[in-house]
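Residue strings, one per chain:
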Amino acid sequence: MVNECTEIIDRWNVCDEFNCTACGACVNICPKQCIKIEKNQFYEGIAKINADVCIQCGRCKQVCPNYKNDLLKKPLNVYAGWRKNIKKIDKCSSGGIATLLSEYMIKKRGVVYGVLGKEGKFFYSRANAFKHIEMFKGSKYVYVSGAEVYKEVEKDLLEQKDILIIGTPCFIAGLKSYFKLKKFNLDKLILIDFLCHGTVPQEFLDAELAKLKRKYIFDEITFRSNKKEENYYLTLREKGKIVYKQKAEINEYFYCFLNSISTKESCLNCKYHTAERCGDLTIGDFIGLGEKIPFDQNSPVLSISFISANNKKGKHVLEENAIELCIFERTLEEAVKGGPSLKECKRDNPDRHKFREKIAVMPFSKAVSKSVGLKIKKNKMKYYLKKIIKGEA
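My aim in this report is to walk through the structure given alongside it, one point at a time. Just so we're clear, the structure is a prediction, and the values are computed from it rather than from any experiment. (Residues numbered from 1 in each chain as written. Predicted model: local features only at pLDDT ≥ 70, side-chain atom pairs only at ≥ 80, totals over all residues. Heavy atoms only, no water.)

Structural notes on helix H11 (residues 312-320)
Every buried residue belonging to H11 is among Gly314, Val317 and Leu318, and all of these are buried. Seen from one end, H11 has its buried residues packed into an arc of 100°, which puts them on one side. Away from the buried face of H11 by more than 90 degrees, exposed residues Lys312 and Glu319 are located. For H11, the elements touching its buried residues are strand E3 (77-83), helix H4 (97-107), strand E7 (189-194), strand E11 (281-285), strand E12 (305-309) and strand E13 (325-330). The N-terminus of H11 is capped by asparagine 311, whose side-chain oxygen sits 3.2 Å from the backbone nitrogen of lysine 313. (Buried < 20%, exposed > 50% of the residue type's maximum accessible area, 1.4 Å probe, protein only. Helix = DSSP H or I, 4+ residues; strand = E, 2+ residues; numbered from the N terminus. Arc of directions from axis to C-beta. Contact = heavy atoms within 4.5 Å. Polar contact = N/O pair within 3.5 Å; in protein donor to acceptor, adjacent residues only side chain to side chain.)

Side note on the environment of valine 115
Looking at the secondary structure, you find valine 115 in strand E4 (residues 111-118). Assessed through its relative accessible area of 14%, valine 115 is described here as buried. When the C-alpha positions of valine 115 and isoleucine 242 are compared, they lie 22 Å apart, and in sequence the two are 127 residues distant. The contact partners of valine 115, leaving out residues within four places of it in the chain, are Phe122, Phe123, Tyr124, Met135, Phe136, Lys140 and Val144.

Details of the sheet that holds E4
The eight strands lie next to each other as E5-E4-E6-E7-E11-E12-E3-E13, forming an open sheet whose pairing is mixed. This sheet does not close on itself; its edge strands, each paired only once, are strand E5 (121-127) and E13. Each strand of the sheet is rotated relative to its neighbour by a mean of 25°, with strand direction disregarded. Where strand E6 (residues 163-167) meets E7, five bridges bridge the pair, whose relative direction is parallel. Considered in E7, the bridge of leucine 164 is made with isoleucine 190. Of the strands in this sheet, E3, E7, E11, E12 and E13 are in contact with H11, which crosses E12 at around 125°. (Pairing = 2+ DSSP bridges. Axes fitted to C-alpha atoms, helices over the stretch in contact; angles between N-to-C directions.)

Here we look at empty space enclosed by the protein
Taken as a whole and assessed by the stated rule, the structure comprises four cavities of 30 Å³ or more. For the largest cavity, the calculated volume is near 150 Å³. Breaking the lining of the largest cavity down by element, the ones donating at least two residues are helix H7 (169-181) and helix H10 (265-268). By volume, the second largest cavity is sized at about 110 Å³. Taken together, 15 residues make up the lining of the second largest cavity; nearest its centre are Cys20, Thr21, Cys23, Cys64 and Pro65. (1 Å grid on protein atoms, 1.4 Å probe; cavity = no way out; pocket = protein on both sides within 12 Å on 5 of 7 lines; lining within 4 Å. Points joined across faces, edges and corners; volume = space filled by probe spheres on them.)

Quick look at the nonpolar core
By size, the foremost hydrophobic cluster in this structure holds 73 residues, and its most contacted members are Ile35, Ile165, Phe179 and Phe223. For this core, the element with the highest residue contribution is H7, accounting for eight residues. Not counting residues within four places of it along the chain, the set of residues in contact with isoleucine 35 comprises Val14, Cys26, Val27, Cys30, Ala47, Lys48, Ile49 and Cys60. Core analysis: the second largest hydrophobic core is formed by 23 residues, Leu100, Val112, Ile166 and Leu281 among them. (Core = buried A, V, L, I, M, F, W, Y, C linked by side-chain atoms within 4.5 Å.)

The structure is reproduced here in structure tokens:
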């Protein structure tokens, strides 16, 4: 194994810099604790090896998902659906499936790992009560490090707890690879990956929120909602009350995210942008539902969920929750045709190239202004003109 990883260790990167997702698997497997996630000039986290401490055991390469070809599997079944209890999906991005499955785990006296946010900072957290999983609701359009929770999950597995983890596919792949390498029995671990557009460095969101903090006091930030007037808006709340919201196409941060201008380079090289999945279950928006194959079910949600059972364990979990769900079997081909997260990333984006040139040498807002500022201004003009015509201005 030492010989196999010599090339990698000679560079003191665990894997290629622009393929590294900073999943945290190598950080946690290293017996000498000599790997850290460091930021490059684009604020992207890269796993770096401390050459003075490394013993070249090769464990980092063994665990790195970028060298694995056995983590992805074609789904067994694909569904469109939502949870029946509509009152529980208010803050959810689509059909409320993640919240339902989190509640299912808490009922089993298990634990749930998901992402929560506080005042614009997002992180993975552990929940063992219903009140805690409420904070996991909604999309978080920013990069969130999961490296810190591996040891906590490991402790839960050793204690034979039932565990549910919801995360980006690269994070889920890291966890899966880590626990497989350590030869853990994963029967009590349910991994859910979600359809991911990509992630953006926290520093860019910090820059956007720093501007807003000059005018507004807030304790919550959301990007999606099942309410049309809040869906795809950067929305700030203080004690539950909206204090600010701006539509995605006229907000610097949101526009750059949706157009893959500010997303990490590893997201454009993503091996999980495919119909094959790494989790036991996959959830997300069912984009393109009904466009080619009729879907005549009346849905109470704004965005119907995509759900795929990727193995027998995932299918069993869905069956145990069937009474709480409205789900309808669909084809994988339909989901792939409409869903950009289920096929290879598009890389040809001149605006992204301009942005990356600028962000390496100047603050976020200036980099946006120099690269796509004119496009955002045009979007604002169109947006406010429409509001004037409708008499809403």
